[in-house]
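Commentary on secondary and tertiary structure
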Amino acid sequence: DPPETDAEGNIRGFSLSSAPYEPFLMATTRLRDTAFKRVLRDAPIGTEVELDAPYGSFTLHNNVARPAVFLTGGIGVTPARSIALQSVHDNTGHRIIVLYSSKSPEEAIFLDEFTHLDQANANVTIVPTMTRPETSTVPWMGEAGHIDAAMLTRYVDDLAAPIYYVCGPGAMV
């Protein structure tokens, strides 16, 4: 029974960004100026919400011999965080490459955590790319531009070998 609503209604879908081993359930969202997001932002801790069962399957494949390549953009990086952290936690041995597109470093959620994950784990490669680095107040020395074939070939040796996971804005997907 939210205090305000709009034409989009009171239901949204979220991907979980927490890994199964973490002792909390976390969904991550951008706080846009919509009634739903304002209510979500202002809800006090302890507010009851109704969750529906998960839909679809977005889990790491079982064949460790095949690398996992995530092509993600914006908030679509959330399941990649969950899956990469769980794989490292469980020491599955999967080779994981995450190409993560964001407008600027300031908008790249989990960027510090992904950088640490990359540095601490030989099986994980995180490739952040900024599509509008010139709008940033933080100097950006990494990849720039949209994820494309040329960028992919710089980080994936055999393009036919991996299982690909794509999650991001509709135009990107």
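First things first, this report covers the structure right here in the doc.

1. With respect to the pairing of strand β1 (residues 68-73)
With respect to burial, β1 is a largely interior element, six of its six residues being buried. Across the two faces of β1 the burial is the same, with Ala68, Phe70 and Thr72 and Val69, Leu71 and Gly73 all buried. Of the strand pairs in this sheet, β1 and strand β2 (residues 96-102) are connected by six bridges, and their pairing is parallel. Opposite Thr72, over in β2, you have Tyr100 as the bridge partner. Running through helix α2 (residues 78-90), the crossover from β1 to the neighbouring parallel element β2 is right-handed. In the sheet, β1 pairs with strand β5 (residues 163-167) via five bridges, with the strands oriented parallel. Looking across to β5, one finds that Phe70 is bridged to Tyr165.

2. Details of the packing of aromatic side chains
Each aromatic ring pair is characterised by the separation of its centres together with the angle its planes make. For the coordinates displayed, the defined rule picks out four aromatic pairs. Taken together, the aromatic side chains of Phe58, Phe70 and Tyr165 make up a single cluster linked through ring pairs. One Lys or Arg, Arg81, reaches over the ring of Phe110 and ends 5.1 Å from the middle of that ring.

3. Some points on the environment of Leu16
Relative to the elements of secondary structure, Leu16 occurs in the segment before α1 (35-42). For the pair formed by Leu16 and Ala150, sequence separation is 134 residues and the distance between their alpha carbons is 30 Å. Residues within four places of Leu16 in sequence aside, it is in contact with Leu25, Met26, Ala27, Thr78, Pro79 and Ser82.

4. Looking at the nonpolar core
Of all hydrophobic cores here, the largest spans 22 residues; its most connected members are Phe70, Val77, Val98, Tyr100 and Phe114. Elements that contribute at least two residues to this core include exactly β1, α2, β2, α3 (111-120) and β3 (124-130). With four residues, the single largest contributor to this core is α2. When neighbours within four sequence positions are excluded, Val98 is seen to be in contact with Phe70, Thr72, Ala80, Thr125, Ile126 and Val127. One finds Val69, Ile97, Val127 and Val156 within the second-largest nonpolar core, a separate group that totals eight residues.

5. Some details on the pattern of salt bridges
This structure, assessed with the given rule, holds seven salt bridges. In this structure, Arg81 and Glu22 form a salt bridge, with 2.9 Å as the shortest nitrogen-oxygen distance. With Arg81 in helix α2 and Glu22 in the segment before α1, this residue pair connects regions lying 59 residues apart in the sequence. Exposure class is identical for Arg81 and Glu22. Each is buried. For the salt bridge of Arg81 with Glu113, the shortest nitrogen-to-oxygen distance reads 2.9 Å. You can see Arg81 sitting in helix α2 and its partner Glu113 sitting in helix α3, a full 32 residues away along the chain. Arg81 sits in the buried class, given a relative accessible area of 5%.

Thresholds, definitions, all that
Residues numbered from 1 in each chain as written. Predicted model: local features only at pLDDT ≥ 70, side-chain atom pairs only at ≥ 80, totals over all residues. Heavy atoms only, no water. Buried < 20%, exposed > 50% of the residue type's maximum accessible area, 1.4 Å probe, protein only. Helix = DSSP H or I, 4+ residues; strand = E, 2+ residues; numbered from the N terminus. Pairing = 2+ DSSP bridges. Right-handed = clockwise from strand over helix to strand, strands pointing away. Phe/Tyr/Trp six-rings, centres within 6.5 Å; stacked < 30°, edge-to-face > 60°. Lys NZ or Arg CZ within 6 Å of the ring centre and 35° of its normal. Contact = heavy atoms within 4.5 Å. Core = buried A, V, L, I, M, F, W, Y, C linked by side-chain atoms within 4.5 Å. Salt bridge = Lys/Arg side-chain N within 4 Å of Asp/Glu carboxyl O.

Any functional reading would require information that these geometric values do not contain.
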